[in-house]
Amino acid sequence: MTEHGMAERAAADRTGPGVADHGVPRARAVMEDRPGGRQYGAGLGGQRQGDGVARVVPRHVACVMDGNGRWAQRRSLPRTAGHRAAESTVIDVIEAARAAGVEWLSLYAFSTENWNRPGAEVDYLMRLVRRVVRKHAPLLLARGIRCRFLGVADPRIPRVLAQDFEDLATLTADNRGMTLTVAFDHGGRRDIVEAARSLIRSRTPADEVTERLFADHLPFPDTPDVDLVIRTSGEQRISNFMLWQVAYAEWVFPEVLWPDFRASDFLACLHTYRRRDRRFGGVPPLTDGDPS
């Protein structure tokens with residue numbers, strides 16, 4: 001059995017601890033047609049009903065990696081211990097996503113609001129992220145994963161860390177496997193404001209601005225819309241994460257804290273996604289007047 005098939009079987013066999021479906025009806029496999037790149041048209045996610053093939057694995061999964069501090073607090077440890085413990089989860093999720101056939105994986109590592117945290121914690125995070133990037137660069141390259149970094153605009157980011165980001169993106173630029181986007185110093189509102197500024201600078205007439213054109217001015221405009229967002233720790237907030245791209249995403253909120261989240265939990269979230277009925281504001285065919 002292939003890695004993809006093993007991941008699909010594992011996902012189908014369990015729903016996983018704390019993965020809530022929040023009352024969304026279980027339904028047939030979604031039909032979709034996605035030739036590549038950013039998709040618009042039948043729903044912002046470009047997913048169409050009734051044509052194409054069934055997609056049982058979301059093309060683009062995004063993770064809000066929440067709960068590191070609470071994980072440490074419950075163990076009477078400093079918050080930095082929770083961030084350190086999160087490293088193995090990141091690698092588990094990357095490997096599970098790749099094996100399951102996810103094409104795009106985005107991880108929310110540091111937000112524009114996280115600069116408000118205590119300076120000692122921020123400094124530790126900068127050092128930790130640099131160590132993780134340098135340590136796992138060979139693995140990412142060997143797995144054929146293309147790496148990108150979304151944000152990285154604040155001058156407070158250490159120059160050596162920004163250079164490591166750039167080096168890893170260059171090293172993996174020609175990879176044709178899964179695309180891994182790390183959102184670091186990222187804010188969804190800032191991205192939208194910058195896109196608007198870019199349109200203004202290009203002197204685009206207001207009547208010519210469309211959703212597709214606007215999206216072309218966002219960072220990494222070839223990124224497809226997010227299909228599934230996983231936010232660990234049970235918190236249910238967007239937290240300024242890829243606001244444009246998650247417009248029609250499905251969300252799951254597993255109770256497990258991020259350092260305890262493992263490949264099996266990730267596959268359980270994919271299984272929950274498979275049971276969702278994604279209509280993008282429409283209705284399934286042949287249901288008008290159907291008493292069922």
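These numbers come from a predicted model, not from an experiment. (Residues numbered from 1 in each chain as written. Predicted model: local features only at pLDDT ≥ 70, side-chain atom pairs only at ≥ 80, totals over all residues. Heavy atoms only, no water.)

### As for the pairing of strand 7 (residues 228-231)
The condition that has to hold: A simple rule labels every residue: compare its accessible area, found with a 1.4 Å probe on the protein chains alone, to the largest value its type can have, and call it buried under 20%, exposed over 50%, or partly exposed in between. Helix and strand assignments follow DSSP, with helices taken as H or I runs no shorter than four residues and strands as E runs no shorter than two, numbered in order from the N terminus. Paired strands, in this sense, are two strands between which DSSP finds at least two bridges.
Residues L228 and I230 point to one face of strand 7 and V229 and R231 to the other, with burial holding for every one of them. Here four bridges tie strand 3 (residues 60-64) to strand 7, and the two strands are oriented parallel to one another. Paired with V64 across the bridge in strand 7 is R231. For strand 7 and strand 8 (residues 250-252), the ladder comprises three bridges, and the chain directions are parallel. Opposite I230, over in strand 8, you have V252 as the bridge partner.

### Examining the packing of aromatic side chains
Any two aromatic rings considered together are summarised by their centre-to-centre distance and by the angle between their planes. Applied cut-off: Only the six-membered ring of Trp is used, alongside the rings of Phe and Tyr, when aromatic pairs are assigned; centres must lie within 6.5 Å, and planes under 30 degrees apart are stacked while those over 60 apart are edge-to-face, with the rest tilted.
A complete count under the given rule lists eight aromatic pairs for this structure. Centre to centre, the rings of W251 and F253 are 5.9 Å apart; their planes meet at 20°, and the pair counts as stacked. Here W251 matches F253 in class, with each residue buried.

### So, the nonpolar core
The condition is simple: Residues belong to one nonpolar core when they are buried, are Ala, Val, Leu, Ile, Met, Phe, Trp, Tyr or Cys, and are joined through side-chain atoms within 4.5 Å. Between two residues, a contact is recorded if the distance between any of their heavy atoms is within 4.5 Å.
Of all hydrophobic cores here, the largest spans 45 residues; its most connected members are C63, L105 and F266. Among all residues touching L105, those that are not within four sequence positions of it are H60, V61, C63, V93, I94, A97, M178, T179, L180, T181 and F266.

### What about helix 5 (residues 159-171)?
Inclusion rule: What a helix is expected to span follows from its residue count: subtract one and scale by 1.5 Å. The arc in question is traced by the directions running from the helix axis to the C-beta atoms.
Taking 1.5 Å per residue, 13 residues should reach 18 Å; helix 5 reaches 18 Å between its end C-alpha atoms and fits that length. All of the buried residues along helix 5 are L161, D164, F165 and L168. Burial along helix 5 is one-sided: seen end-on, the buried residues are contained in an arc of 100°. Facing away from the buried side of helix 5 by over 90 degrees, the exposed positions are R159 and T170. At its buried positions, helix 5 is contacted by helix 4 (119-142), strand 5 (146-151) and strand 6 (179-186).

### Examining the sheet that holds strand 5
Heads up, the rule is: Axis lines are fitted to C-alpha atoms, over the contacting stretch for helices. Their N-to-C directions set the angle, which ranges from 0 to 180 degrees.
Spatial strand order, 5-6-4-3-7-8: six strands in an open sheet with parallel pairing. Each of the sheet's edge strands pairs with one partner strand only, and the pair in question is strand 5 and strand 8. Within this sheet the neighbouring strands show an average axis-to-axis angle of 20°, counted without direction. Against the sheet, helix 6 (residues 188-201) contacts strand 5 and strand 6, and its axis sits at roughly 95° relative to strand 6.

### Side note on helix 6
Here helix 6 spans 20 Å end to end across 14 residues, near enough to the 20 Å set by a 1.5 Å rise per residue. Of all the positions in helix 6, only G188, D191, A195 and L199 are classed as buried. When helix 6 is viewed along its axis, its buried side chains cluster within an angular range of 75° and face the same direction. The exposed residues of helix 6 that point more than 90 degrees off its buried face are R189, I200 and R201. In this structure, the buried side of helix 6 is in contact with strand 5, strand 6 and helix 7 (211-215). In the segment just after helix 6, R203 is the residue with positive phi, at about 60°.

### Section: the environment of H83
Among the secondary structure elements, H83 is positioned in helix 3 (residues 79-100). Given a relative accessible area of 8%, H83 falls into the buried group. The sequence separation of H83 and Y124 amounts to 41 residues, and the corresponding C-alpha distance is 9.0 Å. Setting aside residues no more than four positions away along its own chain, H83 makes contact with N68, R117, E121, Y124, L125 and L128.

### Re unusual backbone geometry
Excluding glycine, residues mostly carry a negative phi; peptide bonds, for their part, are mostly trans. Even without being glycine, D185 reaches a positive phi, approximately 60°. Note on placement: D185 falls in strand 6. With relative accessibility at 0%, the residue D185 sits in the buried group. At M242, a position not held by glycine, the phi torsion is positive, near 45°. Among the secondary structure elements, M242 is positioned in the loop between strand 7 and strand 8.

### Re the packing of helix 3 against helix 8 (residues 263-274)
For clarity, the cut-off: Convention used here: angles under 35 degrees read as roughly parallel, angles over 145 as roughly antiparallel, angles from 65 to 115 as roughly perpendicular, and any remaining angle as oblique. Left-handed is the label given to a crossing in which the near helix is rotated counterclockwise from the far helix by less than a right angle, and right-handed is the label when the rotation is clockwise. For this scheme, ten residues count as nonpolar: Ala, Val, Leu, Ile, Met, Phe, Trp, Tyr, Cys and Pro. Four count as charged, namely Asp, Glu, Lys and Arg, and the remainder, Gly too, count as polar.
Their axes nearest at 9 Å, the elements helix 3 and helix 8 cross at an angle of 45°. Put simply, helix 3 runs oblique to helix 8. For the pair helix 3 and helix 8, the sense of crossing is right-handed. Residues D92, V93, A96, A97 and A100 of helix 3 pack against A263, F266, L267 and L270 of helix 8. Tallied by class, residues from the contact of helix 3 with helix 8 come to eight nonpolar, no polar and one charged.

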